[in-house]
Amino acid sequence: MRARTRTARRQAVVLAAVASLGAGLLAGCADDGGDSKSPSEGGGGGGKTTLTLGLFGAMGFKEAGLYAEYEKLNPKIKIADNVIQQNANYYPPLLNHLTTNSGLLDIQAVEVANISEIVSTQADKLTDFSKVAGVDKSKWLDWKWAQATTKDGQTVGLGTDVGPTAICYRKDLYEQAGLPTEPAKVGALWAGDWAKLVTVGEQYKRKAPKGTFFMDSPGGLLNGIIGSEKEKFYDASGEIIYKSNPAVRAAFKLTAEAAEKGLVQSQTQFQPGWNSTIANSKFATISCPPWMLGTLKDNSKPESKGKWAVANAPKGGNWGGTFLTVPKSGKNVAEAQKFVAWLTAPKQQATLFKVQASFPSAPSAYTMPEVTGAVNEMTGDQPIGTIFAEAAKSAPVQVIGPKDQIIQEGLSDNGVILVTKGKSEQEAWDAATKTIDNKLDK
Amino acid sequence: MTTRHDTAVPPVKEGGTAPGRSPEDVSPAAEKKRARLSRRWQRDIRWSPYAFVSPFFLLFVAFGMFPLLYTGWASLHQVELTAPTDMNWVGLRNYTRIFDDEFFWNAAKNTLTIGIISTVPQLMMAMGIAHLLNYKLRASTFFRVAMLAPYATSIAAASLVFVLLFGRDYGMINWALDTVGISPVDWQNDKWPSQIAVSSIIVWRWTGYNALIYLAAMQAIPHDLYESAALDGASRWKQFIHVTLPALRPTILFTVVVSTIGASQVFGEPLLFDANKGTSGGAEHQFQTLGLYLYEQGWVAQHLGRASAIAWTMFLMLIVIGIINYVISRRLRASS
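Calculation notes
Residues numbered from 1 in each chain as written. Chains lettered and ligands numbered in written order. Predicted model: local features only at pLDDT ≥ 70, side-chain atom pairs only at ≥ 80, totals over all residues. Heavy atoms only, no water. Contact = heavy atoms within 4.5 Å. Buried area = accessible area lost by both parts, 1.4 Å probe. Salt bridge = Lys/Arg side-chain N within 4 Å of Asp/Glu carboxyl O. Polar contact = N/O pair within 3.5 Å; in protein donor to acceptor, adjacent residues only side chain to side chain. Helix = DSSP H or I, 4+ residues; strand = E, 2+ residues; numbered from the N terminus. Buried < 20%, exposed > 50% of the residue type's maximum accessible area, 1.4 Å probe, protein only. Pairing = 2+ DSSP bridges. Axes fitted to C-alpha atoms, helices over the stretch in contact; angles between N-to-C directions. Phe/Tyr/Trp six-rings, centres within 6.5 Å; stacked < 30°, edge-to-face > 60°.

## As for the interface of chain A and chain B
Chain A puts 36 residues into the contact, and the matching count from chain B is 38 residues. Buried area between chain A and chain B, summed over both chains or domains, comes out near 3000 Å², and the portion from carbon and sulfur atoms is 47%. The largest contributions to the chain A side of the interface with chain B come from Asn438, Lys439 and Lys442 of chain A, which together make up 22% of the buried area. Where chain A packs against chain B, one counts five salt bridges. Close ionic contact of lysine 421 of chain A with aspartate 186 of chain B constitutes a salt bridge, the shortest N to O distance being 2.4 Å. Scanning the region where chain A abuts chain B turns up 17 residue pairs in polar contact (both at pLDDT 80 or more). At the level of secondary structure, the elements contributing two or more residues to the side of chain A that touches chain B comprise helix H3 (87-100), helix H4 (112-121), helix H11 (272-279), helix H17 (404-413) and helix H18 (425-440) of chain A. No other element matches H3 of chain A, which puts six residues into the side of chain A that touches chain B.

## Comments concerning the pattern of salt bridges
Enumeration over the complete set of coordinates arrives at 20 salt bridges over all chains. A salt bridge links glutamate 377 of chain A to lysine 297 of chain A; the nearest nitrogen and oxygen atoms lie 3.9 Å apart. Within this pair, whereas glutamate 377 of chain A is found in the loop between helix H15 (369-372) and helix H16 (385-394), its partner lysine 297 of chain A is found in helix H12 (residues 290-299), the two being separated by 80 residues in sequence. For glutamate 377 of chain A, a relative accessible area of 41% corresponds to the partly exposed category. Between aspartate 101 of chain B and arginine 306 of chain B there is a salt bridge, and its shortest N-O distance comes to 3.5 Å. Here aspartate 101 of chain B is found in the loop between helix H3 (93-99) and helix H4 (102-133), whereas its partner arginine 306 of chain B is found in helix H13 (residues 304-335), with 205 residues between them in sequence. One continuous salt-bridge network, built from bridges that share partners, spans Lys421 of chain A together with Arg168, Asp169 and Asp186 of chain B.

## Overview of the sheet that holds strand E5 (residues 166-170) of chain A
All names here are of chain A. Here four strands make up an open sheet; going across it, the order is E6-E7-E5-E8 and the pairing mixed. Across the chains shown, the open sheet's two edge strands, defined by having one partner strand only, are strand E6 (213-215) and strand E8 (308-312). In this sheet, adjacent strand axes meet at a mean angle of 20 degrees when their direction is disregarded. Of the strand pairs in this sheet, E5 and E8 are connected by five bridges, and their pairing is antiparallel. Paired with cysteine 168 across the two strands is valine 310, which belongs to E8. Strands in contact with H12 are E5, strand E7 (283-288) and E8; relative to E7, the strand with the most contacts, it is inclined by about 140 degrees.

## Some details on the sheet that holds strand E3 (residues 107-111) of chain A
All names here are of chain A. One open sheet accounts for six strands, arranged E2-E1-E3-E9-E4-E10; its pairing is mixed. Both outer strands of the open sheet, strand E2 (77-84) and strand E10 (359-360), are each paired with one neighbouring strand and no more. Two elements, E3 and strand E9 (residues 318-325), share four bridges in a ladder whose sense is antiparallel. Bridging from a neighbouring strand, alanine 109 pairs with leucine 324 of E9. Relative to E3, H4 is tilted by about 115 degrees, and along the sheet it contacts E3 and E9.

## A short note on the packing of aromatic side chains
Residues and elements named next belong to chain A. Enumeration according to the criterion identifies 37 aromatic pairs over all chains in this entry. Judged by centre distance (5.0 Å) and plane angle (75 degrees), the rings of phenylalanine 252 and tryptophan 429 are edge-to-face. Taken together, the positions of phenylalanine 252 in helix H10 (residues 246-260) and tryptophan 429 in helix H18 put the pair 177 residues apart, joining distant regions of the chain. For phenylalanine 252, a relative accessible area of 0% gives the class buried.

Below is the structure:
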């Protein structure tokens, strides 16, 4: 009797274990199906179409409430995104997926430094927006439209934001260093010439609050200067000219000079160490495309909110900006195109600026109240829309090439940063060009 | 084997034959059938082992062999990631240029130095820890499991924590150094500090793993060896030197080989130690390993041909290392 109950009990235990295990597995499966983040889940989820976006950095569509709004307008659509922190980690797999034409999401973002390469090598894998209903070429800045258009007139991506560059500075630190704090006056200090900005840096250093630097990083200054040049790394015919272009060398020299004088902190942008310098308010000035305000916001402690202001850069320039593409191999191509067209329409771009400070690539948005009246947590009550709009209009139409990103990263991250480590300008330049050439050499 | 053969012959189902096997009862048809079944059985016994092991080999051919050969083929071409089917024959050029590619040799040197400053302390510490764990102590299972915790942690998580610890301006290690009066070290941008920092991630992750391997080997050493050594008046240290170490020789050799191979492929730790530009291994490539350089050429610069040549060169270097290991191990075995 005893023995029997024991086996019966054991059987019951085993059964219970199996049952709970099975239930767990089933629950696991159900979980996967319900919250379909996987790109392959096209039409699942109760008759709803799930559109998937591959994004990088802080693009902020979700934060700006744009997904929710579109889902409300289109009850049959569900939107899910997959955000990778840095473009450096996002782009190589994207390119790999494009060349093999598999594993792509419905919508894929492409950074401006990569768009030329995508346009020239992967256009056949992407859908053409120029023929999509409701997409009006005239809504975009001409050059923004042209950047995503192939020679034979296929437009493979729609522009979201651009990066008209201004200068952000800390009002409190400027005041302590005896510099003006009014945006107009500050802008006037260096109007027209980046070298004047470095001079202001020297003034700042003389009375600087202890432990602070004038600028955050050599790379940031270099990118600001180069972004205001019409030709940087490629000439109009597509030849690589970064080594012979006097403007690039001059920008490198000026940055190296600022580094030698101890005006810029020895940091590489977007690294944990650099993030901490934001959190600890260790620098007073930064080359500032609108999206940089988002980076400042993400890394700042609450007490530095409202202490920043935006002034005109010495010369208007552009740094950054993104496109959205729809791969042909996606499962919901038509719906994805519709969504991208909606997401990049002037109205939505203006909303994005209001929330995320990503500056519109559609000029008609520049006069919308969302832009003209926009204030940012970091810059207090200063209306920043007008300054960035001015910068966007004065920015040169830049020649971009397929390997812009490699050249830019090489100059800043493997080049001018070395000056802060005690290398001479010439040594830093040699190191940078050697690295870049090695990466360009097929 | 033979008996199994007999009993496994399937019984004849129809035809009214008596059980057992009396050949005269068997009709020609049944005979044929049996012969057929028997042949099938023969084939089965001959070929099914191959079928059972085939999944591995098929997968190996698909995911090991093919990429290996394809990489070799690609290494003879100029081919870009943007158009992998568009190959341009260049012969051995991708190999010959490696000889004067200073980035390759820099990476090779870094791989070697990082390999040494991670493997040597790692194995020595593992040995020490294993020796301590081999004593009777309370909650020994807990300690043994705890040893494996770093190994079970993902490289990514561990490296990101180490990056914060090794931060130049706000890192905990520099803060600790500062409190004892040592000026802060730029762990990321200076050559040796950055290599030491990267090595420390590797040491942290793998020491416990090796310690457990040593511990397992130590427990196989007969206890009476220690007892008689103790009777002879050998101290604990003497016991370790004269009993434990000799008995562990094959295990040590195994861990050395495995660690060497691991060290020559170091990738994740240096990649994540430089969270932003990753593949260049620091501003001056001061901790760029061969694995990183390969990845940089292939996936950042998008030169598949060059990357393939680097991969094959690394492969050949590993074979050389393997041969050296083999020679040394034979010498050791001969001497013991």
